[in-house]
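Here are the chains, one letter per residue:
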Amino acid sequence: MIKGCVGFSIISGRLVGDMILVRGKRVVHIPLPIGVYHVMVRLWKRKNILGKFLFKKEPWSVQLEQAKSL
């Protein structure tokens, strides 16, 4: 499971996209080849069980409580 994924970014004309992860106070940009990028974006946007299993999205209230406890 990929925790902390907040989104994806790509610059048009480039063959590499970024998966953006949050780890504590840091933001980590993981480069992905264009084919893998499109597959990961589609899974991240999906509402079915596979998308929910790979990218666990917690409600904002839970995320804020976890941030306060740190």
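Above: the structure in question.
Residues numbered from 1 in each chain as written. Predicted model: local features only at pLDDT ≥ 70, side-chain atom pairs only at ≥ 80, totals over all residues. Heavy atoms only, no water.

1. A few points about the overall build of the protein chain
Move 1: Counting its regular elements, the protein chain contains three helices and three strands.
Move 2: Counting helices and strands in the order they occur from the N terminus, the protein chain gives β-β-β-α-α-α.
Move 3: In the protein chain, which comprises 70 residues, the proportion classed as buried is 21%.
Move 4: Long-range pairs, those at least 24 residues apart, make up 27% of the contacts in the protein chain between residues at least 6 apart in sequence.
Move 5: Put simply, the protein chain shows about 5,700 Å² of open surface, and 63% of that area lies on carbon and sulfur atoms. (Helix = DSSP H or I, 4+ residues; strand = E, 2+ residues; numbered from the N terminus. Buried < 20%, exposed > 50% of the residue type's maximum accessible area, 1.4 Å probe, protein only. Contact = heavy atoms within 4.5 Å. Areas by Shrake-Rupley, 256 points an atom, 1.4 Å probe, with all protein chains shown as cover.)

2. Focus: the sheet that holds strand 1 (residues 5–10)
Move 1: The strand order across the open sheet built from three strands is 1-2-3, with neighbouring strands paired in antiparallel fashion. Each edge of the open sheet carries a strand with a single partner, namely strand 1 and strand 3 (26–33). Within the sheet, the average angular offset between the axes of one strand and its neighbour, ignoring direction, is 25 degrees.
Move 2: Where strand 1 and strand 2 (residues 16–23) come together, five bridges link them in antiparallel fashion. By the bridge assignment, I10 is partnered in strand 2 with G17.
Move 3: Lying over the sheet, helix 1 (residues 34–45) contacts strand 1, strand 2 and strand 3, oriented at roughly 140 degrees with respect to strand 1. (Pairing = 2+ DSSP bridges. Axes fitted to C-alpha atoms, helices over the stretch in contact; angles between N-to-C directions.)

3. Structural notes on the nonpolar core
A general feature of soluble globular proteins is that nonpolar side chains tend to end up buried together.
Move 1: With nine residues, the main nonpolar core is built from C5, F8, M19, L21, L32, Y37, M40, V41 and W44.
Move 2: When residues of this core are traced back to their parent elements, those giving at least two are strand 1, strand 2 and helix 1.
Move 3: Looking at which element gives the most residues to this core, the answer is helix 1, with four residues. (Core = buried A, V, L, I, M, F, W, Y, C linked by side-chain atoms within 4.5 Å.)

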